[in-house]
Amino acid sequence: MLSVIIQSLAFVIFIGVFLLTIKILNDGVSRLKWIFVSVLLSWLTVVVHTDLSFVPLLFLFSGVVSGIYGLILLSKEKDKKEKRKITSIKSAINSIIEKTGAKGIIVAWNDLNGNSKTVLKYGEDEECLMIIIPVSLSDGSVSYIALYGDKPFVNFKKDDLEVEISFVKLYIENLRLQEKIKLVKNDSIKVKDSIYNYIHLLSHELKKPLTVVIGFSEILRDEFRNLTEKDVIDFVTNIKRSGEEMLVALSYVGEIAEIETGKVKLNFERFKASEVVNDVLNYFAGEIGKKNLNVILEIDDVLEIEADRRKFREVVYQLVSNAVKFSDKSSSITIALTRRDGEFELKVKDEGIGIRPEDMDKIFKPFPRIKTHLNGTGLGLVLAKYLVELHGGKISFVSEYGKGSEFKVILPLEQNLDQFKKVAENCKTI
């Protein structure tokens, strides 16, 4: 009798422990529960006493079947784990999602031009809680893995994702290598095309200043004794002006060709845009004074922008130079610099000769054949357009012939924002 009580008590304790284990481990024990059932049924075969002889056999048979089924499940679980090994970028992303419980993931990197781009995206990125994991690449640049979720990542450990992060890094390194190979091929084609186009254009446009240089040089050589001092000064001045025109054209062509082939890198810094505008106006103070021009400034003096300062100055220089050159005497030039949503706007307006309707589509083309009494290569505005677009901005103009022109430049206030900054401002970032 005592033996039966002890066995029954042990049976109750065993059942209690079994149920408690399932409750604690939840799904983690699901693959082992059939093994537990097998052991339990085998134990019942021994302890249960009954006059029905088939009952122990039934327990034994059920225990064997449960054990076999449990082993099959364990085998499948092992195969499943084997299949979850990191063998592709997709499996790496899935593993990160599984380990962190994230609802969405974005992998971003800076391309060879320094522009941030998304290379992988999974799930939703509208959740507020997120983790940003920096991934250092071999060339010193940094990629980012952003994880989004609806629950705090309290159990997150970067070390647990070491294999996955290494695979993501390898994937991005491969993308960069492919981009470099493609860039080299494209550069080769661009360089050939640019060299041909600009040599052709230069050979045509430099004929005029070279003819001036050669012509006046020959006169000075052959008629020097018969020339007055004023004649000599005028001839030398024309030679110098023609030489400067050729030098400017060659300089602009070189800069444009570098931009076209992706050789130009921007050095971003924060500065007050008004300082650059005032510096350019000081440079043209002499010409402005000679033509008695009235310069009207509508400038936000405290406006700070993020750009390549030298190249931004070149844009301002070209627009102001254009306005001063084509303005009538005693007319006005208006320069406005204002802030708008995430951008700033630069306007330069003159009351000069304007642009003929048939010349509108030539303004941003190299060496435009525009009917005007003024000299110039027409490369300055082309360079300005390239530099504005290199900053991710836009340049446009409106003009009425005989009344003047207005050029407008719109650029981002900030250039090197991380693409997750906007999200991080409203979310908790770990």
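Everything below is about the structure shown above.
Below or above, wherever it landed, is the structure these notes cover. Source: prediction; values computed, not measured.

Cut-off values and rules
Residues numbered from 1 in each chain as written. Predicted model: local features only at pLDDT ≥ 70, side-chain atom pairs only at ≥ 80, totals over all residues. Heavy atoms only, no water. Salt bridge = Lys/Arg side-chain N within 4 Å of Asp/Glu carboxyl O. Helix = DSSP H or I, 4+ residues; strand = E, 2+ residues; numbered from the N terminus. Buried < 20%, exposed > 50% of the residue type's maximum accessible area, 1.4 Å probe, protein only. Core = buried A, V, L, I, M, F, W, Y, C linked by side-chain atoms within 4.5 Å. Contact = heavy atoms within 4.5 Å. Pairing = 2+ DSSP bridges. Axes fitted to C-alpha atoms, helices over the stretch in contact; angles between N-to-C directions. Parallel < 35°, antiparallel > 145°, perpendicular 65-115°, else oblique. Left-handed = near helix turned anticlockwise from the far one by under 90°.

### Notes on the pattern of salt bridges
Turning to step 1, where the next piece is worked out: All told, the structure shown has 15 salt bridges when counted by the stated rule.
Turning to step 2, where the next piece is worked out: One salt bridge connects Lys230 with Asp234, and the closest N-O pair in it is separated by 3.0 Å. Of this pair, Lys230 and Asp234 are both found in helix α7 (residues 229-260), 4 residues apart, which corresponds to roughly one turn of the helix.
Turning to step 3, where the next piece is worked out: For Asp234, a relative accessible area of 31% corresponds to the partly exposed category.
Turning to step 4, where the next piece is worked out: Salt-bridge contacts for Glu244 lead to Lys240; the nearest nitrogen and oxygen are separated by 2.3 Å. One end of the pair is Glu244 and the other is Lys240, both in helix α7 and 4 residues apart, which spans about a single turn.
Turning to step 5, where the next piece is worked out: Accessibility expressed as a relative area gives 52% for Lys240, which makes it exposed.

### Some thoughts on the environment of Val236
Turning to step 1, where the next piece is worked out: By the secondary structure assignment, Val236 is in helix α7.
Turning to step 2, where the next piece is worked out: Take Val236: its relative accessible area is 43%, and that puts it in the partly exposed class.
Turning to step 3, where the next piece is worked out: Separated by 20 residues in sequence, Val236 and Phe216 have C-alpha atoms that sit 7.7 Å apart.

### A short note on the nonpolar core
Turning to step 1, where the next piece is worked out: Core analysis: the largest hydrophobic core is formed by 54 residues, its most contacted members being Ile305, Phe312 and Leu319.
Turning to step 2, where the next piece is worked out: When neighbours within four sequence positions are excluded, Leu319 is seen to be in contact with Leu346, Val348, Leu381, Ile395, Phe407 and Val409.
Turning to step 3, where the next piece is worked out: In terms of nonpolar packing, the next biggest core, distinct from the first, is built from 20 residues, Leu120, Ile131, Val135 and Leu137 among them.

### Brief notes about unusual backbone geometry
Among all residues except glycine, the phi angle is most often negative; among peptide bonds, the trans geometry is most common.
Turning to step 1, where the next piece is worked out: The phi torsion at Asn292 lies on the positive side, around 55°, for a residue other than glycine.
Turning to step 2, where the next piece is worked out: Assignment of secondary structure puts Asn292 in the loop between α9 (285-290) and β6 (294-299).
Turning to step 3, where the next piece is worked out: Despite not being glycine, Ser330 shows a phi value in the positive range, around 65°.
Turning to step 4, where the next piece is worked out: Along the chain, the position of Ser330 falls in the loop between α10 (309-326) and β8 (332-340).
Turning to step 5, where the next piece is worked out: When its relative accessible area of 52% is taken as the criterion, Ser330 is described as exposed.

### Quick notes on the pairing of strand β11 (residues 404-412)
Turning to step 1, where the next piece is worked out: Here β11 lies mainly inside the structure; 7 of its 9 residues are buried.
Turning to step 2, where the next piece is worked out: Pairing of strand β9 (residues 343-350) with β11 involves 7 bridges; the strand directions are antiparallel. Looking across to β11, one finds that Leu346 is bridged to Val409.
Turning to step 3, where the next piece is worked out: Hairpin geometry of strand β10 (residues 394-400) and β11 is characterised by an intervening segment of 3 residues between the two adjacent antiparallel strands and by a positive phi of about 90° at Gly402.

### Points about the packing of helix α6 (residues 207-223) against α7
Turning to step 1, where the next piece is worked out: Direction vectors running N to C along α6 and α7 enclose 155°, while the axes themselves pass 9 Å from each other. Judged by the angle between their axes, α6 and α7 are roughly antiparallel. Of the two possible hands of crossing, α6 and α7 adopt the one that is left-handed. Touching Pro209, Leu210, Val212, Val213, Phe216, Ser217, Ile219 and Leu220 of α6 are Val232, Phe235, Val236, Asn238, Ile239, Ser242, Gly243, Glu245 and Met246, all from α7.

### Describing the sheet that holds β8
Turning to step 1, where the next piece is worked out: Read across the open sheet, the 5 strands follow the order β6-β8-β9-β11-β10; overall the sheet is mixed. Strand pairing shows two members of the sheet lacking a second neighbour, β6 and β10, which therefore form its edges. Averaged over all pairs of adjacent strands, the angle between strand axes in this sheet comes to 10°, irrespective of strand direction.
Turning to step 2, where the next piece is worked out: Bridge count between β6 and β8: 6 bridges; the pairing is parallel. Residue Ile299 lies in a different strand from β8, and its bridge partner there is Leu337.
Turning to step 3, where the next piece is worked out: Packed onto the sheet, α10 meets β8, β9, β10 and β11 and runs at close to 20° relative to β9.

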